[in-house]
Amino acid sequence: MTVDEALRAAVARGVERLDAQLLLAEVLGQPRTWLFAHGDDPLNADHQARFDTWATRRAAGEPFAYLVGRKEFRGLTLQVSPAVLVPRPDTETLVEWALECLAGIESPRVADLGTGSGAIALALRAALVDAHITATDVSPDALAVAQGNATRLGLGVEFATGPWWMPLAGRRFHVVVSNPPYIAGNDHHLDALTHEPRLALTPEGDGLQALRDIVAGAAGHLEPRGWLLLEHGYDQAGTVAELLRDHGFTEVATRHDLGGVPRCTGGRCI
């Protein structure tokens, strides 16, 4: 089978052409542009078998990042696995907001609750050389991925295991960020996300319990005038803003993601 024949076969089974090209380029160890000039080149048996396996898995909905084992996030190449969510570009909105809130603070202390792959914590650490970043997760497997990324990237982040505030008893931070599970348990969008860890996608029920828990415990872990910044679902901004105000937060605001969707809401502790 030639390069072009392999690509046509992958597209025929439901893989988008760009994904097919990127997967085959990965298998061959070549840039995608190389494929355009080598469409008639034959694939050896090993390359064809590996590509067929990846194409089958991609057609079944497995994220591209899990197949190749990595994902770019704010200039960092992160290793990912089915133990963690695939980092989304929209989450960069949360990072940018946090950096604005931290501007001018010397040696800031920052916490990232539910860190997953470590994307948020590591992006903040890369941008703030004097910051102390603490990242938590309830999943030891997820923390292992995050710790591996921190080591490989040479970024010093403290990691702690446990749900939300539990690993941070007695500690306060200038900014706390979180991208918690927020999809309702009966939301049809979960049908397309079966390859990613359900625990990181939904707290079940109405999808708001993790957000409620984080907001309820925040006051005891923020410095005076500290910020709590939360990622949430496309239709949850109003509810999260109300939660923050009910718990005494001021300067409550919402930021929109790259697609114009209200994606993050935060407030300032009194």
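Asker: Any chance you could explain the overall build of the chain here in plain terms?
Answerer: Helix and strand content of the chain: eleven helices and nine strands. When its C-alpha atoms are laid out on the principal axes, the chain stretches across 65 × 40 × 30 Å. Considering only contacts in the chain between residues 6 or more positions apart, those separated by 24 or more positions represent 64%. A total accessible area of about 12200 Å² is found for the chain, and carbon and sulfur atoms account for 52% of it. If you average the places of the 23 positive and of the 34 negative side-chain charges in the chain, the two averages end up 3 Å apart.

Asker: How should I be thinking about the pairing of strand β5 (residues 158–161) in this particular structure?
Answerer: Sheet topology places strand β4 (residues 132–137) next to β5; four bridges connect them, and they run parallel. The residue bridging T134 from the neighbouring strand is E158, located in β5. Tracing the backbone out of β4, into helix α8 (residues 140–153) and back to the parallel element β5 gives a crossover that is right-handed.

Asker: In this structure, what is going on with the pattern of salt bridges? I would like to understand it.
Answerer: Once the charged atoms of two side chains with opposite charge are near each other, the side chains can pair. Taken as a whole and assessed by the stated rule, the structure comprises 13 salt bridges. When the shortest N-O distance is used, the salt bridge between R57 and E62 registers 2.7 Å. The structure contains a network of salt bridges with shared partners spanning R225, E251 and R268.

Asker: Sorry, what's going on with the sheet that holds β5 here?
Answerer: For sheets, the rule is that strands pair by backbone hydrogen bonds, running either parallel or antiparallel. With mixed pairing, the seven strands of this open sheet are ordered in space as β5-β4-β3-β6-β7-β9-β8. Each edge of the open sheet is held by one strand with a lone partner, namely β5 and β8 (250–256). The sheet shows a mean angle of 15° between the axes of neighbouring strands, taken without regard to direction. Pairing geometry for strand β3 (residues 109–113) and β4, over five bridges, is parallel. Directly across from D112, in β4, lies its bridge partner A135. Packed onto the sheet, α8 meets β4 and β5 and runs at close to 175° relative to β5.

Asker: Before we go on, may I ask you to explain the side chain of R263 in this structure?
Answerer: Among the secondary structure elements, R263 is positioned in strand β9 (residues 262–268). In this structure, R263 is in contact with D90, Y182, L230, E231, H232, G233, Y234, R255, H256 and D257, ignoring residues within four places of it in sequence.

Asker: Quick question: what am I supposed to make of helix α4 (residues 45–59) here?
Answerer: Side chains that are three or four residues apart share a direction in an α-helix, a result of its 3.6 residues per turn. Taking 1.5 Å of rise per residue, the 15 residues of α4 would be expected to cover 21 Å, and the 21 Å separating its terminal C-alpha atoms lies within 8% of that figure. What α4 keeps buried is the set F51, W54 and A55. Taken end-on, α4 shows its buried residues confined to a sector of 100°, consistent with a single buried face. The outward face of α4, more than 90 degrees from its buried face, is lined by the exposed residues A45 and D46. Contact partners of the buried residues in α4: α1 (3–12), α2 (17–28) and α5 (64–68). Of the residues that open α4, the one with a side-chain oxygen 3.1 Å from the backbone nitrogen of D46 is N44. Of the residues flanking the end of α4, it is G61, one or two places downstream, whose phi is positive at about 100°.

Asker: Explanation requested: the packing of α1 against α2 in the structure shown.
Answerer: Two packed helices can be described by the angle between their axes and the distance between those axes. Look at α1 against α2: their axes get within 9 Å of each other, and the N-to-C directions meet at 135°. The angle between the axes of α1 and α2 places the two elements in the oblique class. Pair α1 / α2 crosses with right-handed handedness. Residue-level inspection shows V3, L7, A10 and V11 of α1 in contact with α2, the latter providing R17, A20, Q21, L24 and L28. In terms of residue class, the contact of α1 with α2 is built from seven nonpolar, one polar and one charged.

Asker: Honestly, the nonpolar core in this entry has me stumped. Any pointers?
Answerer: When a protein is soluble and globular, its nonpolar side chains tend to lie buried together. L124, V175, V177 and L229 are the most contacted members of the largest nonpolar core, which has 32 residues in total. Counting residues per element, the ones that place at least two in this core are β2 (76–79), α6 (92–102), α7 (119–127), β4, α8, β6 (173–178) and β7 (222–231). Tallying contributions element by element places α6 first for this core, with seven residues. The contacts of L229, once residues within four sequence positions are left out, are L94, W97, A98, C101, V175, V176, V177, S178, T265 and G266. Counting 28 residues, the second-largest nonpolar core is a separate cluster that includes L168, V176, L193 and L228.

Thresholds applied
Residues numbered from 1 in each chain as written. Predicted model: local features only at pLDDT ≥ 70, side-chain atom pairs only at ≥ 80, totals over all residues. Heavy atoms only, no water. Helix = DSSP H or I, 4+ residues; strand = E, 2+ residues; numbered from the N terminus. Contact = heavy atoms within 4.5 Å. Areas by Shrake-Rupley, 256 points an atom, 1.4 Å probe, with all protein chains shown as cover. Lys, Arg positive; Asp, Glu negative; His and termini not counted. Charge placed at Lys NZ, Arg CZ, Asp CG, Glu CD. Pairing = 2+ DSSP bridges. Right-handed = clockwise from strand over helix to strand, strands pointing away. Salt bridge = Lys/Arg side-chain N within 4 Å of Asp/Glu carboxyl O. Axes fitted to C-alpha atoms, helices over the stretch in contact; angles between N-to-C directions. Expected span 1.5 Å × (residues − 1). Buried < 20%, exposed > 50% of the residue type's maximum accessible area, 1.4 Å probe, protein only. Arc of directions from axis to C-beta. Polar contact = N/O pair within 3.5 Å; in protein donor to acceptor, adjacent residues only side chain to side chain. Parallel < 35°, antiparallel > 145°, perpendicular 65-115°, else oblique. Left-handed = near helix turned anticlockwise from the far one by under 90°. Nonpolar A, V, L, I, M, F, W, Y, C, P; charged D, E, K, R; others polar. Core = buried A, V, L, I, M, F, W, Y, C linked by side-chain atoms within 4.5 Å.

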